[in-house]
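# Architecture and fold: a report
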Amino acid sequence: MSAAADPAFDYGFLLQINEEATLAVALNDYLTSRSYLAGFSVSQADHRAFKLLHRPPDPQHVHALRWYRHVAALQQDGPSESSMKAKRVQPPWSPPAGTDVPQLLLYNSLTRAKEPFVPQKGNRVTWYCCGPTVYDASHMGHARSYISFDILRRILRDYFKFDVFYCINITDIDDKIIKRARQNYLLDQYKEKQPKAVQILQDVLSARDPFQVLLAETTDPDKKQMLERLDAAVTAALKPLQAAMESGNEAVQPLAQALLESSKDLLSDWLDKQFGSQVTENSIFSILPKYWEGEYHKDMEALNVLPPDVLTRVSEYVPEIVEFVKKVVSNGYGYESNGSVYFDTSKFDASQQHSYAKLVPEAVGDQKALQEGEGDLSISADRLSEKKSQNDFALWKASKPGEPSWDSPWGKGRPGWHIECSAMAGSVLGESMDIHGGGFDLRFPHHDNELAQSEAYFDNDCWVRYFLHTGHLTIAGCKMSKSLKNFITIKDALAKNTARQLRLAFLMHSWKDTLDYSSNTMESAVQYEKFMNEFFLNVKDLLRAPTDITGRFEKWEAAEMELNNSFYDRKSAVHEALCDNMDTRTAMEEMRVLVNQSNSYIASRKSAKLRPNRLLVESIAVYLTNMLKIFGTIEGSDPVGFPVGGQGQSIDLESTVMPYLSVLSDFRERVRKIAREQKVTELLQLCDTVRDDTLPELGVRLEDHEGLPTVVKLVDKETLLKEREEKKKMEDEKKRKKEEAARKKQEQEMAKLAKMKIPPCDMFRKETDKYSKFDETGFPTHDAEGKELSKGQAKKLRKLYEAQEKLHNEFLQMNQNGN
């Protein structure tokens, strides 16, 4: 229907339906999503459709029946002005044009580009992440991946509202674990025998010979430097013991124990080469990973990393791994050789459906990387000769003496490294997952081999849809490596900075780029935390100001409109940043800008003796708090700011103590006012002592502002004590500079006074190295060699003489005046 003669809708196809019942159904469907009571007159299209129906549609066709009755009523009333007004209906409505909505993009290592993120099953996201190989302490390299993925996981779950199912593995069967477990076991046995100093010295010297051969043959500069440090430590412990034994000193056992401790790495390696094959009990190989897995979980909890939905251990999935390998072989992509099973990379790559090394195709044939992927215990000449191609990799390894073993169709053996993740992830997540995550250095061969064997098993080419790789972590610009003993443990890092500060440092960098862990990086994070915390504390202080229920709603002026517009602009910018590969670095910067603008607004209102708009600044603070909660930097239910007084008790502590602190602050303010009026200095000093010394010990900061109420803030005690120490250092430095300036000024005055005392007739007579003759006033006439002074020289000296004459006259005048 239309206000003009133009048809409101193009009925087109409806007018070609001859059967009345079918037309009623089609018309009802057509009108379901359209406004058909528009305008003031019946259009030609309405008339034509109406004529095709000889009676009202059935009641079940609600929209068609309403339209039929409306058109019939309009036709009956005719087009008179009064009837048109009586039957007036809503005018046509057009939806707004709107704007483009940013779509979430993720950097996908499979394409090396940002791709639109589209989960395979609606809102559900399946995610597998490579976990740690637990043979030593977790370090900052682990934190780089696990904090970064925790941030991404939280953003997907809590910001974009995806239903994320997160699985991570623990590698507790591995060449590194086997070798370290054997070495630890053999070294412990060696220590239990309590060898004498002579035996320790002899064994260390025996172990040192092959070690020094290895050192001489090593060409990698980083590894060579590590070995040289170890050799230097052994040498430093060796010399005192040798000297004591040569001199017949009986107190040699402590020196021997020190040597044993310094030499434990090379000694355990030496013991392993001699006796490692005799270590056969599987339980020996489970003690080490079980301990370090426990330490890993403690570290993740300390870092506030969410636990996975599912955690898989290789040792618990050996039967599934065996079945996985069997199917890869039956599908034609694996082969048995001397009790081991290898993946046939050439045959897989030759298949039209498959492609080997999707992530790093240029790395195919990199034997160093391939051998690192196979493990130290699996790259002997006999093992390498078992393979059809050097590019093939082990799915199942026949166990040698000194290695744990499990039954399989190919004999006693153990899983290869790459097959572990494929079997476990496949068991939990099925034939295709949305996201697979890991460190950048795992791309080849580990992840490429995972992809190949999994797609060989499932006979597909889409085992992983999006591959995410976190960037490297360097330490003050240097490469970090556990094998090179150049790493910082998570516990060491947490001893220097809080988990929140570490997370803020990660948030301030792109998750996929290299992050340099340094004092500068951490200082930036500390300052960001302090900056945000001060804003939250200021907002809390504003919200504590008493007001009635209607007083919360204040008129918005231009300043509020400007800040609110900026608030929405910043929120949009944060959203765009998170849609752009979850760019937390830009998001954090936009949040900083929002705080700067809010601080400027609050300061301008206070300078004008006006209250900032409570609801506006509260909305901004709540938004920023929620974003930091999403990022994992804030725990707890407090709507504004960082927790105070420890996790879980923030809101109780603040709501409990703040009324008492407010009473104390108001009382102190009245005391200060009376003390100023009556000039009682001692009371003012006591008030300052309460502010500067007493309350910081309790985690309370008072901020006095001229002409404004004192601000009360709850802050961590350690932070306040550090601030107090820094303030004292600044005051001491200021005092020192002031005293230094006063001392210099006094020295200058004393020097000036000493100079003023000298009569002009004496000032040049002492300089016999320059002048030899003088006139009756003491003015020099000849230089030291007896030559008469030139007119130019005499002119310069005359100026100095007259200046001294003036100074001396001032001194004489001062004496006469009694100064």
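A brief report on the enclosed structure follows. (Residues numbered from 1 in each chain as written. Predicted model: local features only at pLDDT ≥ 70, side-chain atom pairs only at ≥ 80, totals over all residues. Heavy atoms only, no water.)

## Considerations on the overall build of the protein chain
Spelled out, the test is: Numbering of helices and strands runs from the N terminus, with a helix taken as a DSSP run of H or I at least four residues long and a strand as a DSSP run of E at least two residues long. We compute the radius of gyration from the C-alpha atoms alone; for a globule the expected value is 2.2 Å times N to the 0.38, where N is the number of residues. Summary of the burial criterion: residues with accessible area below 20% of their type's maximum are buried, those above 50% are exposed, and those between are partly exposed, where the area comes from a 1.4 Å probe applied to protein chains only. Whether two residues touch is decided by their heavy atoms; if any such pair falls within 4.5 Å, the residues are in contact. The method behind every accessible area is Shrake-Rupley, applied with a 1.4 Å probe, and residues are considered shielded solely by the protein chains displayed. Neither His nor the chain ends is counted toward charge; the positive residues are Lys and Arg and the negative residues Asp and Glu. The location of each charge is read from NZ of Lys, CZ of Arg, CG of Asp or CD of Glu.
When helices and strands are tallied, the protein chain shows 27 helices and 18 strands. Taking 2.2 N^0.38 as the reference for a compact globule, 819 residues should give roughly 28 Å; the C-alpha atoms of the protein chain span a radius of gyration of 42 Å, well beyond that estimate. Taken across its 819 residues, the protein chain has 46% of its residues classed as buried. Expressed as a percentage of contacts within the protein chain between residues at least 6 apart in sequence, the contacts between residues at least 24 apart total 72%. As displayed, the protein chain has an accessible area near 43100 Å², and 52% of this comes from carbon and sulfur atoms. Taking the average location of the 109 positive side-chain charges in the protein chain and that of its 121 negative ones, the two points are 6 Å from each other.

## Examining the layout of surface pockets
It is the rolling of a water-molecule-sized probe over the atoms that shows where space remains empty. This is how it is decided: A cavity, in this analysis, means grid points on a 1 Å lattice covering only the protein atoms where a 1.4 Å probe fits yet has no way out; a pocket is instead an open set bounded by protein on both sides within 12 Å along at least five of seven lines, and a residue lines either one if it has an atom within 4 Å of a point. Grid points are joined across faces, edges and corners, and a volume is the space filled by probe spheres set on the points. Gly is put with the polar residues, along with every residue not named as nonpolar or charged; the nonpolar set is Ala, Val, Leu, Ile, Met, Phe, Trp, Tyr, Cys and Pro, and the charged set is Asp, Glu, Lys and Arg.
The computed volume of the second largest pocket comes to approximately 1100 Å³. Along the walls of the second largest pocket sit 39 residues, with T498, R500, Q501, E529 and D716 positioned nearest its centre. Sorting the residues of the lining of the second largest pocket by element identifies α11 (284-302), α19 (499-507), α20 (519-544) and α26 (717-757) as the ones contributing at least two each. If one sorts the elements of the lining of the second largest pocket by residue count, α20 sits on top with 9 residues. In the lining of the second largest pocket, the residues fall into 11 nonpolar, 13 polar and 15 charged.

## Topic: the nonpolar core
Rule in force here: In plain words, nonpolar cores are sets of buried Ala, Val, Leu, Ile, Met, Phe, Trp, Tyr and Cys residues tied together by side-chain atoms within 4.5 Å.
Ranked by size, the top nonpolar core spans 117 residues in total, and within it W127, M140, L156, F160, L624 and F631 carry the most contacts. With 10 residues, helix α5 (residues 140-159) is the single largest residue contributor to this core. Counting residues in each nonpolar core, the second largest holds 44 residues, with F348, L370, L395 and W463 among its members.

## Digging into unusual backbone geometry
Each neighbour pair has its own omega, and for F444 with P445 the value is 5°, a cis peptide bond. Position of P445 relative to the elements: it lies in helix α17 (residues 443-458). Despite not being glycine, K161 has its phi angle at roughly 65°, a positive value. Assignment of secondary structure puts K161 in the loop between α5 and β4 (163-170).

## Here we look at the packing of helix α6 (residues 175-192) against helix α10 (residues 264-275)
We count it as follows: Between N-to-C directions, angles cover 0 to 180 degrees, with each direction set by a line fitted to C-alpha atoms, over the stretch in contact for helices. Here is the rule for angles: anything less than 35 degrees is roughly parallel, anything more than 145 is roughly antiparallel, 65 through 115 is roughly perpendicular, and the remaining ranges are oblique.
In contact at an axis separation of 8 Å, α6 and α10 are set at 100° when each is read in the N-to-C sense. Regarding the angle of α6 to α10, the classification is roughly perpendicular. Here α6 contributes K179, R182, Q183, L186, L187 and Y190 to the contact with α10, which in turn contributes K264, L267, S268, D269, L271, D272 and F275. In terms of residue class, the contact of α6 with α10 is built from 6 nonpolar, 2 polar and 5 charged.

## So, the sheet that holds β4
Stated formally: Being paired, for any two strands, means DSSP has found at least two bridges between them.
With respect to topology, 5 strands assemble into an open sheet ordered β5-β4-β3-β10-β11, the strand pairing being parallel. At either end of the open sheet lies a strand with only one pairing partner, and these are β5 (310-313) and β11 (464-470). Mean inter-strand twist for the sheet, computed between neighbouring axes without regard to direction, equals 20°. Two strands pair when backbone bridges link them, and strand β3 (residues 124-129) and strand β10 (residues 433-439) are joined in this way by 3 bridges, in the parallel orientation.

## Here's the deal with the pattern of salt bridges
Close approach of charged atoms allows side chains of opposite charge to pair. For clarity, the cut-off: Salt bridges, as used here, are contacts in which a Lys or Arg side-chain nitrogen is within 4 Å of a carboxyl oxygen on Asp or Glu.
In this structure the tally under the stated criterion is 53 salt bridges. Here D344 ties to K388 by a salt bridge, and the two come within 3.9 Å at their closest N and O atoms. Of this pair, D344 sits in the loop between β7 (340-343) and α13 (345-350) while K388 sits in the loop between α15 (381-385) and β8 (393-398), and the two are 44 residues apart along the sequence. A relative accessible area of 11% places D344 in the buried class. Owing to a relative accessible area of 61%, K388 belongs among the exposed residues under this scheme. When salt bridges with common partners are traced through the structure, they connect R668, E669, R672, D688, R691, D692, D704 and K727 into a single cluster.

## Considerations on α19
For α19, the tally of buried residues reaches 9 of 9 residues, placing the bulk of the element in the interior. Listing the buried residues of α19 in full gives A499, R500, Q501, L502, R503, L504, A505, F506 and L507.

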